[in-house]
Amino acid sequence: MIASKVIEDLKSRFPNEPEYIQAVSEVLGSIEEEYNKHPEFEKANLVERLCIPDRIVSFRVTWTDDQGKVRTNMGYRIQHNNAIGPYKGGVRFHASVNQSILKFLAFEQTFKNSLTTLPMGGAKGGSDFSPRGKSNAEVMRFCQAFMLELTRHIGPELDVPAGDIGVGGREVGFMFGMYKKLTRDFSGTFTGKGREFGGSLIRPEATGYGNIYFLKEMLKTRGMDLKGKKVLISGSGNVAQYTAEKVLQEGGIVMTMSDSDGYVYDPDGIDREKLDFIMELKNLYRGRIREYAEKYPGVKYVAGARPWGEKADIATPCATQNELNGDDAKTLLANGIIAVSEGANMPSTPEAIEAFQAAKILYCPGKASNAGGVSVSGLEMSQNAQHLSWTAAEVDAKLLQIMQSIHSDCVKYGTEPDGYINYVKGANVAGFMKVAKAMMAQGLV
Ligand code: NDP
């Protein structure tokens with residue numbers, strides 16, 4: 001395989017899918033050497049079979065808003081690869097959702113799920129519907145309309161969706177309710193469910209906690225920990241909130257959080273009480289991060305900007321893709337950043353990744369550092385299948401163990417001759433090898 005040739009070919013076949021091409025390029029560039037050690041892979045054209053999703057379902061979703069106006073949105077499910085287990089991946093509701101973004105996410109998910117050590121394939125879905133500014137009743141009607149079609153394509157051993165941007169406990173509850181009504185089947189076909197109906201303890205916390213467990217492992221390789229370290233966090237949704245919570249538990253100082261309108265910088269740090277305010281603001285009132293600066297004196301709010309210009313030791317982007325570019329990376333490096341751990345999926349652009357790696361700082365791609373969310377989703381599936389539920393401490397211990405095992409795999413496959421750990425290569429090669437071997441064993445299907 002010559003990675004550049006494969007990428008050029010994919011570009012000409014899928015010319016309007018830049019995020020998908022970006023994600024594929026990052027993976028192929030780093031697995032090329034390992035792939036070419038296995039001529040049998042090339043003979044089976046494994047690379048194309050791995051890049052192109054098994055199946056793409058797209059459909060119209062029709063619903064009625066509170067004014068009685070009939071609205072339409074697009075709905076999608078990308079079933080990327082089920083070589084190692086049932087398709088598994090979140091559902092995103094955001095105005096920016098399109099096929100390219102979901103294809104990149106489903107592709108990444110395949111490698112991420114492989115890294116978790118659990119038997120899960122890769123998928124992603126969603127809609128260009130935005131829950132922002134919608135009433136509860138509108139969100140429920142949309143979720144129900146979305147499920148009228150999605151239900152045909154999912155099932156506990158077939159495809160198990162979960163949350164993502166714009167899809168939290170409320171939306172998963174509405175979707176699960178409709179799925180149950182249509183199928184008359186109470187099975188673990190969604191993860192991230194409420195605790196009262198099969199949801200796993202620690203699932204809401206899992207992505208953020210896992211992100212920080214992974215960061216701790218990275219810091220350990222350089223004899224450091226989080227105590228007293230200043231941390232820049234972007235986003236203020238699920239992943240950002242629990243990343244912040246775990247940073248505080250580990251003795252770090254949270255300097256910033258953000259939303260799509262701007263960011264807040266608190267020179268005194270966002271402590272436990274202030275984080276509770278943000279959680280209430282975002283989860284209960286669905287408010288804006290600017291309100292934090294209105295409540296606490298001395299806090300700076302910067303509209304229309306991201307937090308990467310602030311000085312700190314660690315950055316963890318937890319909002320969305322391509323939110324940290326090459327210039328941001330240069331600024332962070334000039335300000336003495338020592339580690340970047342991604343809570344979001346593909347938040348750093350290729351130029352930013354290149355700058356971090358050239359400077360040999362600790363840098364980990366989201367498919368490894370944010371794999372805690374899907375890991376606990378996998379544990380939720382196991383609990384549902386056995387009709388039992390583990391304690392929070394049991395699930396947290398398993399999460400920690402999985403994050404440590406992903407870190408070890410990255411070290412195993414990503415350590416370079418000079419000792420620098422290339423986490424991008426490590427995660428991609430480790431994730432790829434398992435899927436590749438399973439595909440080879442199963443023949444041309
Ligand atoms: P949420 O919807 O809970 O939060 C998203 C946050 O990011 C919000 O603060 C939102 O601001 C902000 N945001 C969203 N889009 C943009 C944008 N285009 N520009 C700037 N800010 C934006 O989502 P999650 O926390 O669940 O997801 C965040 C990231 O983590 C995503 O990349 C997701 O794929 C990834 N991820 C999530 C997992 C999970 O378990 N939830 C698992 C693994 C990865 P606003 O409120 O203004 O929209």
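Structure report, in brief. (Residues numbered from 1 in each chain as written. Predicted model: local features only at pLDDT ≥ 70, side-chain atom pairs only at ≥ 80, totals over all residues. Heavy atoms only, no water.)

## Quick notes on the overall build of the protein chain
Thinking step 1. Counting its secondary structure elements, the protein chain contains 17 helices and 12 strands.
Thinking step 2. At 21 Å, the protein chain has a C-alpha radius of gyration in line with the 22 Å of a compact globule built from 445 residues.
Thinking step 3. Seen through its principal axes, the protein chain has C-alpha atoms that stretch 60 × 60 × 45 Å.
Thinking step 4. The 445 residues of the protein chain split such that 58% are buried.
Thinking step 5. For the protein chain, restricting intrachain contacts to residue pairs at least 6 apart in sequence, the fraction spanning at least 24 positions comes to 71%. (Helix = DSSP H or I, 4+ residues; strand = E, 2+ residues; numbered from the N terminus. Rg over C-alpha atoms; globule rule 2.2 N^0.38 Å. Buried < 20%, exposed > 50% of the residue type's maximum accessible area, 1.4 Å probe, protein only. Contact = heavy atoms within 4.5 Å.)

## Observations regarding the site of the ligand
Thinking step 1. In the vicinity of the ligand, 26 residues are found, and the nearest of them are Asp-164, Thr-207, Ser-260, Arg-288 and Asn-345.
Thinking step 2. Between the ligand and Arg-92 there is a distance of 3.0 Å, counted from an oxygen atom to a side-chain nitrogen or oxygen.
Thinking step 3. Between Asn-345 and the ligand, the recorded distance is 2.8 Å, taken from a side-chain N or O atom to an oxygen atom.
Thinking step 4. Considering the ligand on its own, with 900 Å² of exposed area, one finds that the protein chains cover 81% of that surface.
Thinking step 5. Grouping the constituent residues of the shell around the ligand by class yields 5 nonpolar, 13 polar and 8 charged. (Near = heavy atom within 4 Å. Polar contact = N/O pair within 3.5 Å; in protein donor to acceptor, adjacent residues only side chain to side chain. Areas by Shrake-Rupley, 256 points an atom, 1.4 Å probe, with all protein chains shown as cover. Nonpolar A, V, L, I, M, F, W, Y, C, P; charged D, E, K, R; others polar.)

## Quick notes on unusual backbone geometry
Thinking step 1. Here Lys-360, not a glycine, exhibits a phi torsion of approximately 55°, which is positive.
Thinking step 2. Here His-387, not a glycine, exhibits a phi torsion of approximately 55°, which is positive.

## Quick notes on the sheet that holds strand E12 (residues 362–364)
Thinking step 1. Judged by pairing direction, the sheet is mixed, and its 7 strands sit side by side in the order E9-E8-E7-E6-E10-E11-E12 without closing on themselves. Edge positions in the sheet fall to strand E9 (300–303) and E12, since each has one partner strand and no second. The average undirected angle you get between the axes of adjacent strands in this sheet is 15°.
Thinking step 2. Both strand E6 (residues 230–234) and strand E10 (residues 314–317) contribute to a ladder of 4 bridges, which runs parallel. (Pairing = 2+ DSSP bridges. Axes fitted to C-alpha atoms, helices over the stretch in contact; angles between N-to-C directions.)

## Observations regarding the state of the cysteines
Thinking step 1. With the rule as written, the count across this model stands at 0 disulfides.
Thinking step 2. Between Cys-410, a cysteine without a disulfide, and Cys-364, which holds the nearest cysteine sulfur, the sulfur-to-sulfur distance is 5.5 Å.
Thinking step 3. For Cys-410, a relative accessible area of 0% puts it in the buried group. (Disulfide = S-S within 2.5 Å.)

## Let's talk about the pattern of salt bridges
Thinking step 1. Taken as a whole and assessed by the stated rule, the structure comprises 30 salt bridges.
Thinking step 2. A salt bridge links Glu-26 to Lys-367; the nearest nitrogen and oxygen atoms lie 3.0 Å apart. Taken together, the residues Glu-26 in helix H2 (residues 18–35) and Lys-367 in helix H14 (residues 366–369) connect sequence positions 341 residues apart. You'll find Glu-26 and Lys-367 in the same group, each marked buried.
Thinking step 3. With a shortest N-O distance of 3.4 Å, Arg-288 and Asp-259 are connected by a salt bridge. (Salt bridge = Lys/Arg side-chain N within 4 Å of Asp/Glu carboxyl O.)

## Overview of the packing of helix H8 (residues 203–220) against helix H15 (residues 372–386)
When two helices pack together, you describe them by how their axes are tilted relative to each other and by the distance separating the axes.
Thinking step 1. It is the contact of H8 with H15, at a shortest axis distance of 7 Å, that shows an interaxial angle of 145°. Where H8 crosses over H15, the two elements pack in a sense that is right-handed. Contacts between H8 and H15 involve Arg-203, Ala-206 and Thr-207 on the former and, on the latter, Gly-372, Gly-373, Val-374, Val-376, Ser-377 and Glu-380.
Thinking step 2. Residues belonging to the contact of H8 with H15 are distributed by class as follows: 3 nonpolar, 4 polar and 2 charged. (Left-handed = near helix turned anticlockwise from the far one by under 90°.)

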